[in-house]
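Here is what each chain is made of, one letter per residue.
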Amino acid sequence: MTESVLKEDMRMKKRFLVAMFFIVAAAVVADNTNNTRIDKTDFVKQMLLREKIVKIALSYQGVEYWYGSDDPDYGLDCSALTQRVYSRVGIKIPRTAEAQFKAAVKFARPSLQKGDLVFFNTRGFRVNHVGIYIGDNKFVHAPRVGETVRVDSLDDRYYKQRFQMGGTFILK
């Protein structure tokens with residue numbers, strides 16, 4: 001074979017490998033909409049997803065707390081807030097704080113990342129409150145009757161004493 005034929009053969013092999021790379025990459029990145037948890041292997045996409053969750057959660061600030069409600073026109077309870085935010089990014093999670101806690105992948109506070117859920121025991125016998133971690137030891141949540149969705153600190157004495165675990169539905 002001549003040198004020009006060998007060069008052309010190498011170019012064809014390179015094009016084939018590049019094409020295969022993009023086909024495989026597209027298949028890996030594609031979301032599986034049947035799963036309740038989203039497996040994001042791409043670090044950048046995961047970070048963008050987490051930022052989007054935070055932005056959406058913060059947009060609910062000022063909405064009244066209303067026990068058992070999942071309609072922001074009337075008010076939201078804590079787990080309706082988290083469920084609504086996650087659903088807006090295509091992630092289905094259970095309705096109640098306790099069910100969200102049971103279904104989430106759990107971890108200790110030092111591992112929290114933006115967009116993760118933070119779980120609390122405010123009544124002394126089980127997880128009954130949830131919020132969304134937004135970074136810098138802060139979280140957004142619907143606290144209780146007579147209050148509105150707001151940002152609080154995990155370092156606040158009340159929440160620090162009642163914090164149970166972090167949890168996520170965003171898998172690496």
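These lines cover the structure that appears in this document, whether it is placed above or below. Because the structure is a prediction, the values reported are computed rather than measured. Throughout, a residue's number is its position along its own chain's written sequence, starting from 1. Only residues with pLDDT of at least 70 are given local features in this predicted model, and only at 80 or more are side-chain atom pairs given and counted; all residues enter the totals for whole chains, interfaces and linings. No hydrogens and no water enter the side-chain calculation; it runs on all heavy atoms of the structure.

Lines fitted to C-alpha atoms define the axes here, with helix axes fitted over just the stretch in contact, and angles between the N-to-C directions of these axes take values from 0 to 180 degrees. Put simply, DSSP H or I for four residues or longer makes a helix, DSSP E for two residues or longer makes a strand, and each gets a number counted from the N terminus. In the contact formed by helix α2 (residues 43-58) and helix α3 (residues 78-88), the axes pass within 9 Å of each other and the chain directions differ by 130 degrees. Judged by the angle between their axes, α2 and α3 are oblique. Crossing of α2 over α3 shows right-handed handedness. Contacts between α2 and α3 pair I53, I56 and A57 from the former with V85, Y86 and R88 from the latter. Should an angle lie under 35 degrees it is considered roughly parallel, over 145 roughly antiparallel, and from 65 to 115 roughly perpendicular; all remaining angles are considered oblique. A clockwise turn of the near helix away from the far one marks a right-handed crossing, whereas an anticlockwise turn of less than a right angle marks a left-handed crossing. Here, two residues are considered to be in contact whenever any of their heavy atoms come within 4.5 Å of each other.

Here we take up the side chain of R50. Within the fold, R50 resides in helix α2. For R50, a relative accessible area of 2% corresponds to the buried category. Those residues within four positions of R50 in sequence are excluded, and the remaining contacts are Q113, K114, G115, D116, T168 and I170. Type-normalised accessible area, obtained with a 1.4 Å probe on protein chains alone, sets the label of each residue: buried when under 20%, exposed when over 50%, and partly exposed for intermediate values.

The subject of this paragraph is the side chain of S79. Among the structural elements, S79 can be located in helix α3. Judged by its relative accessible area of 4%, S79 falls in the buried class. Between N or O atoms, a polar contact is any pair within 3.5 Å; within protein, one atom must be a potential hydrogen donor and the other a potential acceptor, and residues adjacent in sequence are included only when both atoms are from side chains. A distance of 2.7 Å separates a polar atom in the side chain of S79 from a polar atom in the side chain of R95. Residues within four places of S79 in sequence aside, it is in contact with R95, T96, A97, Q100 and V130.

We now examine the layout of surface pockets. Think of a 1 Å grid over just the protein atoms. A cavity is a set of points where a 1.4 Å probe fits yet cannot get out, a pocket is an open set with protein on both sides within 12 Å along at least five of seven lines, and lining residues have an atom within 4 Å of a point. Grid points are joined across faces, edges and corners, and a volume is the space filled by probe spheres set on the points. Considered as a void within the structure, the largest pocket measures approximately 410 Å³ in volume. For the largest pocket, the lining is made up of 22 residues, of which Y65, Y67, C78, R123 and N128 are closest to its centre. Among the secondary structure elements, those contributing two or more residues to the lining of the largest pocket are α3, α4 (97-103) and α5 (157-162). Looking at the lining of the largest pocket, its residues break down into ten nonpolar, six polar and six charged. Any residue that is not Ala, Val, Leu, Ile, Met, Phe, Trp, Tyr, Cys, Pro, Asp, Glu, Lys or Arg is counted as polar, Gly included; the first ten are nonpolar and the last four charged.

All right, on to the pairing of strand β5 (residues 117-120) then. The two faces of a sheet get side chains in turn, since along a regular strand they alternate between them. Of the two faces of β5, the one holding L117 and F119 and the one holding V118 and F120 are both buried throughout. Here a strand pair is declared whenever DSSP counts at least two bridges between the two strands. In the sheet, β5 pairs with strand β6 (residues 129-135) via four bridges, with the strands oriented antiparallel. Bridge pairing links V118 to G131 in β6. In terms of strand pairing, β5 meets strand β9 (residues 163-168) through four bridges, oriented antiparallel. Among the inter-strand pairings, F120 is bridged to a residue of β9, identified as F163.

For α2, with 16 residues, the first-to-last C-alpha span of 23 Å sits near the 22 Å given by 1.5 Å per residue. Three or more residues of α2 are buried, namely Q46, L49, R50, I53, V54, I56 and A57. Seen from one end, α2 has its buried residues packed into an arc of 165 degrees, which puts them on one side. Exposed side of α2, more than 90 degrees from the buried face: V44, L48 and K55 are the residues found there. To estimate the expected span of a helix, subtract one from its residue number and multiply by 1.5 Å. Here the arc refers to the directions that run from the helix axis out to each C-beta atom.

Together, F43, V44 and L48 make up an exposed nonpolar region whose accessible area comes to about 340 Å². Along the chain, the position of F43 falls in helix α2. Given a relative accessible area of 58%, F43 falls into the exposed group. Patch construction takes residues with relative accessible area above 30% that form no salt bridge. Like charges are linked within 9 Å, and nonpolar side chains (Val, Leu, Ile, Met, Phe, Trp, Tyr) are linked within 5 Å. Computed with the Shrake-Rupley method and a 1.4 Å probe, the accessible areas treat only the protein chains shown as cover for residues. We define a salt bridge as a side-chain nitrogen of Lys or Arg found within 4 Å of a carboxyl oxygen belonging to Asp or Glu.

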